[in-house]
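Listed below, chain by chain, are the residues.
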Amino acid sequence: MCHFTQRSSTLSFPKICNTFWWFHHTSTSHLCSCSKTVSDEKYQDPFQLGRKDLKNLYEDIKKELLVSTAELKEMCDYYFDGKGKAFRPMIVVLMARACNIHHSNSREVQASQRSVAIIAEMIHTASLVHDDVIDDANSRRGKMTVNQIWGERKAVLAGDFILSAASVALARIGNTTIISVLTQVIEDLVRGEFLQLGSKENENERFAHYLEKTFKKTASLIANSCKAVSILGCPDPTVHEIAYQYGKNVGIAFQLIDDVLDFTSCADRLGKPTAADLKLGLATGPVLFACRQFPEMNAMIMRRFSKPGDVERARKYVLQSDGVQQTTYLAQRYCHEATREISKLRPSPEREALIQLTEMVLMRDK
């Protein structure tokens, strides 16, 4: 039912045969769940374990954003307020420690590995600023977006500046392999945005298109950041691939759950309006699964929910279907694969915390 490539050079997702809706022919009892992956005795709170390495993270990011213009500095600092969970840097530092322990039994995070965590958060934030401009978004993380406060033109420039500061920090690491790995993230972000602007008529192609876009816009950053710290901490290419595959699968699962929450979470919890993807004309996992039960949605997908009433009808169809449930099952498959990959490393509290993170991805409500 499921095929995962062992090569990071080739993008691969669960194969969906002729109908690609293999979930509809599989009983839920056979689906992989990450529940109870980690026993109570082994439970490690990822945020507690990573706290030491992420201390002063946002202050260090702000040091990278030294600018003479007060307004630009204020814009760049806007999302780096320290109120986020720092999910991506957390994964990166835990992966760094897990790989270091696997290779040399060292639990210390190298300065260069911590720099990767900082750079990952900067690239992610720059992409949020640009996404909000493209989407004309009003809110992000429960507050007004940069483009709403300072305008679109200045927001684009602020995003560009954060990216440029991340590039300077990346160059400072002084490792051409790491530069190559992390600049791939920026290329993937751009390609992912272009994929999002397009759509496919064929159902099978449409789902593959959606998953590829999901990888490039969300999972590539986590996958390549994990790979980068593994390269810095261990010379074994097998370990680099484990780190990459873990990050890829967790990243895709994270976005799948995000797409579910767009239909199931209230705006206050989510920090942004619900049904936002439908309003942007985007057909995410719940919509694509729902389309199987309600074929009349095909026409709405192709016109990107642009007719009056399309958004409301599509949302109603999704909630009447098992689209939310099937997307959640798919996220479970990816989390199971992430757990399978990271379990190949030597046992450590950090490895167990990374396994626990897959459960947290599935259980999150915002």
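In what follows, the structure referred to is the one given above.
Since the model is a prediction, treat every value here as computed from it, not as a measurement. (Residues numbered from 1 in each chain as written. Predicted model: local features only at pLDDT ≥ 70, side-chain atom pairs only at ≥ 80, totals over all residues. Heavy atoms only, no water.)

K.L.:
Would you mind going over the overall build of the protein in detail, with residue names and values included?
P.N.:
Scanning the protein for helices and strands turns up 17 helices and two strands. Expressed as a percentage of the 366 residues in the protein, the buried residues total 57%. A sequence separation of at least 24 residues applies to 75% of the contacts in the protein between residues at least 6 apart. Accessible surface, the protein as shown: approximately 16100 Å² in total, 51% of it carbon and sulfur. (Helix = DSSP H or I, 4+ residues; strand = E, 2+ residues; numbered from the N terminus. Buried < 20%, exposed > 50% of the residue type's maximum accessible area, 1.4 Å probe, protein only. Contact = heavy atoms within 4.5 Å. Areas by Shrake-Rupley, 256 points an atom, 1.4 Å probe, with all protein chains shown as cover.)

K.L.:
Describe the environment of Glu296, with residues and values.
P.N.:
Looking at the secondary structure, you find Glu296 in the loop between helix H13 (285-293) and helix H14 (297-302). The partly exposed category is assigned to Glu296, whose relative accessible area is 39%. When the C-alpha positions of Glu296 and Ala314 are compared, they lie 9.6 Å apart, and in sequence the two are 18 residues distant. Side chain to side chain, Glu296 and Tyr317 meet in a polar contact 3.3 Å long. (Polar contact = N/O pair within 3.5 Å; in protein donor to acceptor, adjacent residues only side chain to side chain.)

K.L.:
Which residues make up unusual backbone geometry, and what values do they have?
P.N.:
Here Asn105, not a glycine, exhibits a phi torsion of approximately 60°, which is positive. If you trace the backbone, Asn105 turns up in the loop between helix H4 (87-104) and helix H5 (111-135). Asn105 sits in the exposed class, given a relative accessible area of 55%. Phi at Asp136 is positive, roughly 55°, even though this residue is not glycine. On the secondary structure map, Asp136 appears in the loop between H5 and strand E1 (139-140). You can call Asp136 partly exposed: its relative accessible area is 45%.

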